[in-house]
Amino acid sequence: MDRIRITGGNELRGTIPISGAKNAALPLMIASLLTSDTLTLENVPHLADVEQLLRILGNHGVDVAVNGRRERQDESYSRTINFTCRTIVDTTAPYELVSKMRASFWVIGPLLAREGQARVSLPGGCAIGTRPVDFLLDGLQALGAEIEIDGGYVNVRAPKGGLIGGRYACPKVSVGTTHVLMMAATLANGTTVIENAASEPEVVDLANCLTAMGAKISGAGTRTITIDGVTSLSGARHRVLPDRIETGTYAMAIAMAGGDVTLQGTDEALLGGALDTLRQAGASITATESGLRIVRNGNGIQAVDITTEPFPGFPTDLQAQFMALMTRASGVSSITETIFENRFMHVQELARLGAKISLSGQTARVEGVAKLKGAPVMATDLRASVSLVIAGLAAEGETMVNRIYHLDRGFERLEEKLTRCGAIVERVSG
Ligand code: EPZ
């Protein structure tokens, strides 16, 4: 199993290209199931989760051509992929595929909308929490779907004549529920209103793509989204938006290691207020023509408190990385996680590097220390893994991060991007 070895202590200087967003690319790829025409997505990142979804979509009948070729050998940063689903050949998403990646459950929306039925394995829990799908199913029921759970599968069926527009107020802001209902409602009869909808940039990106495909959607980016159903959708060409979590992660890595790096092809607006928190912690962040320049020269890191919230609040997907940064801050910070109940698995691993963190319920108290010391650590989930890399960049000596297959799910060419800025990071095979 591959590992990543980091030798800490170097500042970061140079440029890092920001990839297309994983969490936008996944629902956009799933939207290709809604039409028999070709959906072309540009700027699709090369990640394990994307490759897994390509397999899942293939199972439903989607024909995939990467950069004009049907075989997937291209590994450049940005790929253009054509998705064509002339007919849906299978409306079942099996356990073996869905259990590997939760977002694949979202195929339930387009399959139901286009074929009037679907059988999709329940995804099960994961490292960061139980992550139920009750809102998704209640929302589909509000569109007239009949739902039955049997043998670990959700069997869902639309009324004769198709889904019917309805109103669903989500009990808690949920990105996945918003994606699924938005996709399902595009082909429903009549108008659907999603209340307490997620307003994350990835939701807006999906709405923009669906609109380019002929859907009638208003309010994406606000808490109320309205969808007027249409009879069919066409193909479109759409560029996946830059990855805000990758942007925030590298911004924190630079704040941690010190230095001066430009993150190319990204935009601060995608991060809501998250980068202001980083400014308070001592980084200087400015917009440039090519992206965002992040600098921390000389001055230390200050403790700042955060609470994770839906967009535009501080994202849960940056909580672990921010905690890594706070381990070296002067002062004590308090980090509260409100989205997932078990997203503190990095705490024990950061402690192995010398961090002083105590947990009380959903809040971590981080007392900054003058130095971290390299050690072997274990990656537990995607964002937790990268928090260990960030800590390793500032730790004395060698940090070996084990189980890095988590990293490959969501960070494109991480070691290459860091190495070109002067970090000593290498992948060790076996
Ligand atoms: C998306 O997950 C992201 N995944 C997550 O990123 C991200 O952490 C999360 O949104 C929150 O921003 C993708 O986009 C592929 P939710 P999602 O539905 O949609 C509860 C990463 O590291 N809930 O917004 O699955 C749920 O348990 C990943 O890239 C229900 O109770 O998250 C959570 O507490 C991890 N019932 C809250 O809502 C439901 O039916 C928000 O979850 C659905 C959700």
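Calculation criteria
Residues numbered from 1 in each chain as written. Predicted model: local features only at pLDDT ≥ 70, side-chain atom pairs only at ≥ 80, totals over all residues. Heavy atoms only, no water. Phe/Tyr/Trp six-rings, centres within 6.5 Å; stacked < 30°, edge-to-face > 60°. Buried < 20%, exposed > 50% of the residue type's maximum accessible area, 1.4 Å probe, protein only. Lys NZ or Arg CZ within 6 Å of the ring centre and 35° of its normal. Core = buried A, V, L, I, M, F, W, Y, C linked by side-chain atoms within 4.5 Å. Contact = heavy atoms within 4.5 Å. Helix = DSSP H or I, 4+ residues; strand = E, 2+ residues; numbered from the N terminus. Near = heavy atom within 4 Å. Polar contact = N/O pair within 3.5 Å; in protein donor to acceptor, adjacent residues only side chain to side chain. Areas by Shrake-Rupley, 256 points an atom, 1.4 Å probe, with all protein chains shown as cover. Nonpolar A, V, L, I, M, F, W, Y, C, P; charged D, E, K, R; others polar. Pairing = 2+ DSSP bridges. Salt bridge = Lys/Arg side-chain N within 4 Å of Asp/Glu carboxyl O. Axes fitted to C-alpha atoms, helices over the stretch in contact; angles between N-to-C directions. Parallel < 35°, antiparallel > 145°, perpendicular 65-115°, else oblique. Left-handed = near helix turned anticlockwise from the far one by under 90°.

Student: Explain the packing of aromatic side chains to me, please; I cannot follow it from the model alone.
Tutor: How two aromatic rings sit relative to each other is given by the distance of their centres and the angle of their planes. For the coordinates displayed, the defined rule picks out one aromatic pair. For the pair Phe 314 and Phe 322, a centre-to-centre distance of 5.4 Å together with 65° between the ring planes defines the contact as edge-to-face. Just as Phe 314 is buried, Phe 322 falls in that class too. Here the basic side chain of Arg 119 rests over the ring of Tyr 153, its NZ or CZ set 4.3 Å away from the ring centre.

Student: Before we go on, may I ask you to explain the nonpolar core in this structure?
Tutor: One recurring pattern in soluble globular proteins is that nonpolar side chains are buried together. Within the largest apolar cluster, 80 residues are counted, with the highest numbers of intra-cluster contacts made by Phe 83, Phe 105, Val 107, Ile 108, Leu 163, Met 182 and Leu 210. Not counting the four nearest positions on each side in its chain, Met 182 is found in contact with Ile 194, Val 203, Leu 206, Ala 207, Leu 210, Ile 217, Ile 225 and Ile 227. Membership of the second largest hydrophobic core comes to 68 residues, among which are Val 347, Ile 390, Ala 394 and Leu 414.

Student: Before we go on, may I ask you to explain helix H1 (residues 22-30) in this structure?
Tutor: Where burial is concerned, most of H1 is hidden: eight out of the nine residues are buried. Regarding H1, the residues found buried are Lys 22, Ala 24, Ala 25, Leu 26, Pro 27, Leu 28, Met 29 and Ile 30.

Student: How do you make sense of the site of the ligand when you look at a structure like this?
Tutor: Asp 134, Ser 174, Asp 317, Ile 339 and Arg 383 are the nearest of the 24 residues found near the ligand. Separating an oxygen atom of the ligand from a side-chain N or O atom of Asn 23 is a distance of 3.1 Å. A distance of 2.5 Å is found between an oxygen atom of the ligand and a backbone nitrogen or oxygen belonging to Ile 339. In isolation the ligand offers 820 Å² of accessible surface; the protein chains occlude 89% of this area. For the shell around the ligand, the per-class residue count stands at 12 nonpolar, five polar and seven charged.

Student: Would you mind going over the pairing of strand S15 (residues 259-264) with me for this structure?
Tutor: Note on strand geometry: in a regular strand, side chains alternate between the two faces of the sheet. Buried residues dominate S15, accounting for five of its six residues. In this structure, strand S2 (residues 12-17) lies alongside S15, joined through six bridges in parallel fashion. Looking at the pairing, Leu 12 lines up with Gly 259 of S15. The pairing of S15 with strand S17 (residues 291-296) spans six bridges and is classified as antiparallel. What sits directly across from Leu 263, in S17, is Leu 292.

Student: Hey, could you run me through the environment of Val 64 in this one?
Tutor: Of note, Val 64 is situated in strand S4 (residues 63-66). When the C-alpha atoms of Val 64 and Ile 81 are compared, they prove to be 6.9 Å apart, with 17 residues separating the residues in sequence.

Student: Help me understand the pattern of salt bridges in this model?
Tutor: If you walk through the whole model with that rule in mind, you get 20 salt bridges. Its salt-bridge partner being Asp 2, residue Arg 427 comes within 3.4 Å of it at the nearest N-O pair. Highlighted residues: Arg 427 in strand S26 (residues 424-428) and Asp 2 in the segment before strand S1 (3-7), separated in sequence by 425 residues. Put simply, Arg 239 and Glu 42 hold a salt bridge, and the shortest N to O gap is 3.7 Å. Of this pair, Arg 239 sits in strand S14 (residues 236-239) while Glu 42 sits in strand S3 (residues 38-44), and the two are 197 residues apart along the sequence. Its relative accessible area of 19% is what places Glu 42 among the buried residues. Here the salt bridges do not stand alone but share partners, grouping Asp 2, Asp 408, Glu 415 and Arg 427 into one network.

Student: Looking at this model, I keep getting lost on the packing of helix H4 (residues 108-115) against helix H6 (residues 175-186). Mind explaining?
Tutor: How two helices sit against one another is set out by the angle between their axes and by the gap between those axes. One way to put it is that H4 packs onto H6 with a least axis distance of 8 Å and a crossing angle of 15°. Classed by the angle they form, the pair H4 and H6 counts as roughly parallel. For the pair H4 and H6, the sense of crossing is right-handed. Of the residues in H6, those touching H4 at Ile 108, Gly 109, Pro 110 and Ala 113 are Val 180, Met 183 and Ala 184. A breakdown of the residues in the contact of H4 with H6 according to their chemical character gives six nonpolar, one polar and no charged.

Student: I keep staring at the side chain of Thr 308 and nothing clicks. Help me out?
Tutor: With respect to the helices and strands, Thr 308 occurs in the loop between strand S18 (306-307) and helix H10 (319-326). Looking at Thr 308, the relative accessible area reads 0%, which means it is buried. Side-chain polar atoms of Thr 308 contact the side chain of Glu 337, separated by 3.3 Å. Excluding residues within four positions of it along the chain, Thr 308 makes contact with Phe 314, Pro 315, Thr 316, Gln 319, Thr 336, Glu 337, Thr 338 and Ile 339.

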